[in-house]
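# Fold and contact review
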Amino acid sequence: MADLDDLEGALHRLGRQLDVPPAPPAAEVATAVRTRLRSAPPPRRPVPVLRYAVVILVLLVTGVIIAVPPVRAAVLELLRIGGVEIHHGAGPQLPTSPTVPQQTVDLAEAQRLTGLHVTVPEQLGPPDEIVVIERRVVSLSYRPTTDRPAVRLDIFDGRLDPLFAKYLLIEEMRQVDLGDTEGWLIPGPHEVVYLDEEGRQHRESARLAATTLIWQREAVTYRLEADLPPDQLTAIAASLPG
Amino acid sequence: MLVARYSALAHRTAVLLGAGADAEDVVQDSFVAAFSGLHRFRPGAPFRPWLLRIVVNRMKNLHRGRSRRLVLELRAGAERPDTIVDPEQLALDRLQRDALLEAVRSLADKDQLVVTCRFFLDLSEDETARVLGWPRGSVKSRTSRALARLRARLGPTPAVSRTAGKPAGKSAGKPAGESAGRSAGASAGEEVTGG
C-alpha cells in the first residue's frame with residue numbers, strides 16, 4: 001500500500017493481509033452441515049410445504065435442476081478448486097449482464113490494483129498484454145508464436161468467492177502432480193464463465209476454453225489455458241517462480 | 001452447492017467478527033439455519049448477503065454472554081515474500097499497513113463494522129446494508145465518515161515515510177491531496193434475478 005491517497009485501495013489490500021486461519025475444505029463443511037440437518041429438530045413450519053419450498057428455492061437460487069433430495073443437492077453438487085467452480089454438465093442460458101470493468105496495465109500496476117503477488121512463468125517470459133478485471137483477476141496474455149499457440153494465465157485470490165465457473169463432464173478432469181502442489185487438468189474445449197463480485201455470470205465472457213490447468217498456491221489460484229499437451233502445460237506451471 | 005460457493009466467505013466473516021475458535025461452528029450453524037429457513041428467503045434476492053446476515057446474527061448471540069456486541073478481531077497476517085518489491089519498499093509498506101490497521105482498530109465499533117464489510121469482505125453498499133440490517137443511507141454516510149476519520153488519524157502521507165526513516169525523496173511520489181475520487185468500481189446497481 002504505497003500511498004494512502006487511495007485509502008479505499010489501501011483498505012482493500014489490508015483486508016487481503018489480515019490474519020484469517022484457512023477455512024476448512026468446503027466438502028468437510030458440507031458433510032458437517034448435512035449431518036446437522038439430519039439430526040436437527042424439525043422446523044416449526046409444516047414439513048411438506050417446506051420441502052416444496054426448499055426444492056423450488058434451491059432450483060431458483062442455483063439454477064440447477066437435480067432430481068435428488070433438495071438439501072443434499074444444495075450442499076454437494078459442485079466442486080470447487082480455489083477460485084474456480086466446476087459444474088457437471090452443460091452451461092447455463094445467461095441473461096444479459098453489464099460489462100465487466102477491465103483495464104490494460106503493466107505488471108507493477110496490476111500488483112498495486114489487486115494486491116496480488118504476480119510472477120511470470122520463466123518459460124514464457126514477459127506477456128504481450130496484462131489485463132486487470134475488477135481489481136480481482138490479473139490476466140496475462142501471450143499471442144501465438146511459431147513455436148506455440150496463444151497462452152493465457154489468470155491469477156486471482158480464490159479464497160473467498162469463486163471467480164470462474166466451468167461446465168464440463170467431471171469425469172474428464174484429471175489430477176496432476178506439480179511438485180509442491182497438485183493441479184487439475186481439464187481437457188478443452190469446455191465452457192467457462194466469469195463470475196463478478198456479486199456472483200453474477202457474464203455472458204460476454206462465456207466462451208469455450210482450451211485445455212486448462214488449475215492449481216492453487218497458498219491464497220492464489222492459477223488458471224493456465226492453452227491448446228497444448230498436458231506435459232507442456234505442467235512445464236509452464238513449474239517455471240513460475242514461487 | 002451453496003456450501004461450496006459460500007463457506008470460505010462465511011468463515012472469513014465469522015473470523016473477522018471475532019468468532020475465534022468458534023468460527024467453524026458458527027459457519028456450520030449458519031448454513032443449517034439458512035437451509036432450515038429457506039422458506040423465508042425471497043426468490044430472486046441475492047443469497048450471499050442473506051447468509052452473511054445469519055452469520056452476523058449468530059455472532060451477536062455468541063458475544064451476548066460476553067459483551068452483548070460484536071467484537072472485531074483484526075490482526076495483520078504474515079508477510080508474503082514478494083520478489084518484485086524491494087526490501088526498502090516492503091518495510092515502508094509494512095509500516096503503513098500497521099498504522100492503517102491500528103487506525104481502523106481505534107474507530108468506533110460501528111465504523112469498524114462498516115469498514116470490515118465494505119473493504120475486508122469486499123461487500124457492496126447494498127450487501128452491507130442487508131448484512132448489517134441498516135438503511136442504505138446509513139451505510140453510505142458511515143462509510144464516508146469512517147474514511148474521513150481514518151484520513152485524519154493517519155495524517156498526510158509524508159509523515160508516514162518520515163517515521164520509516166527512509167529517504168524522503170523515494171516516497172510514494174504523489175502529493176497527499178484530498179483525493180475525493182470515490183472508486184466507482186462497484187456499480188452494484190442491479191440485483192441477481194433468480195435463474
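Our subject is the structure that appears above.
Quick summary incoming for the structure in this document. Keep in mind that what you see is a predicted model, and the values were worked out from it rather than measured.

Scoring rules and cut-offs
- Residues numbered from 1 in each chain as written.
- Chains lettered and ligands numbered in written order.
- Predicted model: local features only at pLDDT ≥ 70, side-chain atom pairs only at ≥ 80, totals over all residues.
- Pairing = 2+ DSSP bridges.
- Helix = DSSP H or I, 4+ residues; strand = E, 2+ residues; numbered from the N terminus.
- Axes fitted to C-alpha atoms, helices over the stretch in contact; angles between N-to-C directions.
- Parallel < 35°, antiparallel > 145°, perpendicular 65-115°, else oblique.
- Left-handed = near helix turned anticlockwise from the far one by under 90°.
- Contact = placed C-beta atoms within 7 Å.
- Nonpolar A, V, L, I, M, F, W, Y, C, P; charged D, E, K, R; others polar.

## A look at the pairing of strand S8 (residues 174-177) of chain A
Residues in a regular strand point their side chains to alternate faces of the sheet. All names here are of chain A. Sheet topology note: the S8/strand S9 (residues 182-186) ladder contains four bridges and is antiparallel. Residue pairing for S9: arginine 174 is matched across the bridge by leucine 185. Between the end of S8 and the start of S9, which pair antiparallel, lie four residues, with glycine 179 showing a positive phi angle near 85°.

## Examining the packing of helix H5 (residues 109-120) of chain B against helix H6 (residues 125-132) of chain B
Residue and element names in this part refer to chain B. Running from amino to carboxyl end, H5 crosses H6 at an angle of 130°, the nearest separation of the two axes being 9 Å. Comparing their axes, H6 and H5 come out oblique. Seen from above, H5 lies across H6 with right-handed handedness. Counted together, Leu113, Val114, Cys117 and Arg118 of H5 and Thr128, Val131 and Leu132 of H6 form the full contact between these two elements. Its residues assigned to classes, the contact of H5 with H6 shows five nonpolar, one polar and one charged.

## Re the sheet that holds strand S5 (residues 137-142) of chain A
Residue and element names in this part refer to chain A. A sheet is described by the order of its strands in space; here eight strands give the open sequence S3-S4-S5-S6-S13-S12-S9-S8, paired in antiparallel fashion. Both outer strands of the open sheet, strand S3 (102-104) and S8, are each paired with one neighbouring strand and no more. For this sheet, the mean angle separating the axes of adjacent strands, direction not counted, is 20°. When S5 meets strand S6 (residues 151-157), the two strands line up antiparallel, connected through six bridges.

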